[in-house]
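Close look at the chain arrangement
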Amino acid sequence: MSQPYRALSDGSLPEVLAAMPQVREQLGGAFTQWSVQEVGDGNLNLVFIVKGPGGSVIVKQALPYVRLVGDSWPLPLARSYYEHMALTEQTKHVPKLVPKIYHYDRDLALIVMEYLTPHIIMRKGLIQGIEYPLFASHIAEFMAQTLFKTSVLAISAAEHKRRIWAFIDNIALCKITEDLVFTDPYRVAKLNRWTEPFLDDIAAEFREDEKLKLAVQKRKLQFLTSAEAMIHGDLHTGSIMVTPLDTRVIDPEFAFVGPMGFDVGAVIGNLLIAYFAQAGHEERPGARTPYRHWILVQAEQVWRQFNKRFLELWDASKSGEAYMPELFTDPQGAVAFAAEKQRFMRSLFADTVSFAGIKMIRRVLGLAHTEDLESIKDPAVRASCERKVLNLARRLILDADKLTGIGDVTIAARGVLAAQ
Ligand code: SR1
Ligand code: MG
């Protein structure tokens, strides 16, 4: 039976969950035996861990406002609807790389999901210097599958248009990205913050850098108009839970049909943030040098494996509306089509690199920062790491079309680390 929306609490949640058969079965026992803990530390929602005699679940409930800011910034509960729809679609393509869904309640804006244990948020693992040997291949698979299979390279025009329509009203979440990622860091905005006074000069420089602002606006236009595939929309290392053997992507509430490079760039950009943040987490200078190297290797592997898997899926696909294989059956056509696929991937690489840079800048000059950098207590050390993030990011955005491969990106990262 549907219930009117109210924000739930540790006290009120068990009785609500008791009405959901699959959740009841998962937790076991009577609802009075269930323990609840609100653990949400994200920017938007309530997140509860619920434990019963038979098992545990995670409950994610949207609040009618931005948790990070408070009720002065209202936010539609419908984001939970889009998250559930995206998670359902991702489950079709990569069931092992997302949490299981036990229940969705549209009125309560609530999703009950698998409790992932002993997983931790990847960003926290990167702060601790933990290696995840399977991460790059898992996230590459996630992105190749979800991006390729929701694009018109794999599906019909009708299905594509229906999906654009299905996500069309996720306007408020897209607007957060349009403002906080593509606009505010490049203007004086109330919500901006950075490590003052250390970064005052570079923040002002970015606001006055016409070339940089134009390059970012070109990407904002792409974000606003390019309907390539269903993207996660917020694929940073805080939206990925890991163990050394397992990887799960969570939190697709920003999903819509947008540019593929925005997701791939988010992963790579956040790895690069982690790379520069290591100086704030190592016990003595240089102690994390091997780990820094590991992070850059992961950034390379993410792109290379994504590129490979995406092309494999494309080569195997017979069903897409765009580039129908039947048009390229003779040997000459096959060669031309193979070259075109390479061109497509080079263009997607430039998108990825540019979006990576843009996602890096917003985490230093905008409202929402990341724990990698925020947890560095000494502001001078933090600012030094952040300046490197900004310097590499600017270069990635301005040179996106000139960089010939992911190796150029990691060489540039090493150069920025050594230069300052
Ligand atoms: C006001 S929300 C700020 C950020 O939190 C989310 O994780 C997204 O990254 C968003 O931009
Ligand atoms: Mg999130």
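In this text the structure is predicted, and so the values were computed from the model without any measurement.

We now examine the packing of helix H8 (residues 200-208) against helix H14 (residues 379-398). Look at H8 against H14: their axes get within 11 Å of each other, and the N-to-C directions meet at 20°. Judged on the interaxial angle alone, H14 and H8 are roughly parallel. For the pair H8 and H14, the sense of crossing is left-handed. Only Arg387, Leu390, Asn391 and Arg394 of H14 make contact with H8, whose side of the interface consists of Asp201, Ile202, Glu205 and Phe206. Class assignment for the residues of the contact of H8 with H14 results in three nonpolar, one polar and four charged.

The local shell around ligand 1 consists of Asn43, Leu44, Val66, Trp73, Ile176, Leu180, Asp234, His236, Phe254, Arg362, Arg363 and Ala368. Here an oxygen atom of ligand 1 and a side-chain polar atom of Asn43 are 2.7 Å apart. Within the side chain of Arg362, an N or O atom sits 2.6 Å from an oxygen atom of ligand 1. Elements supplying a minimum of two residues to the shell around ligand 1: helix H7 (171-180) and helix H12 (331-365).

Soluble globular proteins: nonpolar side chains tend toward being buried together. Counting residues in hydrophobic clusters, the biggest one holds 103 residues, and the most contacted among them are Phe135, Phe306 and Phe310. At 13 residues, helix H10 (residues 260-277) tops the list of elements feeding residues into this core. Inspection of this core shows a minimum of three residues originating in each of domain 1 (13-114) and domain 2 (120-419). Setting aside chain neighbours within four positions, we find Phe310 in contact with Ala144, Leu147, Phe148, Leu153, Met260, Phe344 and Met345.

Here we come to the pattern of salt bridges. Tallied over the entire structure, the rule returns 31 salt bridges. The partner of Asp401 in a salt bridge is Lys218, and the shortest N-O contact between them spans 3.9 Å. With Asp401 in the loop between H14 and helix H15 (406-419) and Lys218 in helix H9 (residues 210-225), this residue pair connects regions lying 183 residues apart in the sequence. Looking at Lys218, the relative accessible area reads 49%, which means it is partly exposed. Between Asp246 and Arg248 there is a salt bridge, and its shortest N-O distance comes to 2.8 Å. Residue class for Asp246 comes out buried when judged on its relative accessible area of 19%. Of the residues examined, Arg248 reaches a relative accessible area of 12% and is grouped as buried. Members of the salt-bridge network, linked through shared partners, are Lys60, Arg79, Glu83, Asp251 and Glu253.

Residues Thr117 and Pro118 are joined by a peptide bond in cis, for which omega reads 10°. For the bond running from Glu196 to Pro197, omega is -5°, close enough to zero to count as cis. Positive phi is not limited to glycine here, since Asp251 has a value of about 65°. The residue Asp251 is located in the loop between strand E11 (247-249) and strand E12 (256-258) in this model. The backbone phi angle of Tyr323 is positive, close to 55°, even though this residue is not glycine. Mapped onto the elements, Tyr323 comes out in the loop between helix H11 (289-316) and H12. When its relative accessible area of 26% is taken as the criterion, Tyr323 is described as partly exposed.

You'll often see interface size given as the accessible area lost when the parts meet. Segmentation of the chain into domains returns domain 1 (13-114) and domain 2 (120-419). Taken over C-alpha atoms, the centre of domain 1 sits 27 Å from the centre of domain 2. Across the contact, 25 residues belong to domain 1 and 32 residues belong to domain 2. The largest contributions to the domain 1 side of the interface with domain 2 come from Tyr82, His93 and Leu97, which together make up 27% of the buried area. For the pair domain 1 and domain 2, the interface holds six salt bridges.

Each value, and the rule that gives it
Residues numbered from 1 in each chain as written. Chains lettered and ligands numbered in written order. Predicted model: local features only at pLDDT ≥ 70, side-chain atom pairs only at ≥ 80, totals over all residues. Heavy atoms only, no water. Axes fitted to C-alpha atoms, helices over the stretch in contact; angles between N-to-C directions. Helix = DSSP H or I, 4+ residues; strand = E, 2+ residues; numbered from the N terminus. Parallel < 35°, antiparallel > 145°, perpendicular 65-115°, else oblique. Left-handed = near helix turned anticlockwise from the far one by under 90°. Contact = heavy atoms within 4.5 Å. Nonpolar A, V, L, I, M, F, W, Y, C, P; charged D, E, K, R; others polar. Near = heavy atom within 4 Å. Polar contact = N/O pair within 3.5 Å; in protein donor to acceptor, adjacent residues only side chain to side chain. Core = buried A, V, L, I, M, F, W, Y, C linked by side-chain atoms within 4.5 Å. Buried < 20%, exposed > 50% of the residue type's maximum accessible area, 1.4 Å probe, protein only. Domains from an automatic or database assignment. Salt bridge = Lys/Arg side-chain N within 4 Å of Asp/Glu carboxyl O. Buried area = accessible area lost by both parts, 1.4 Å probe.

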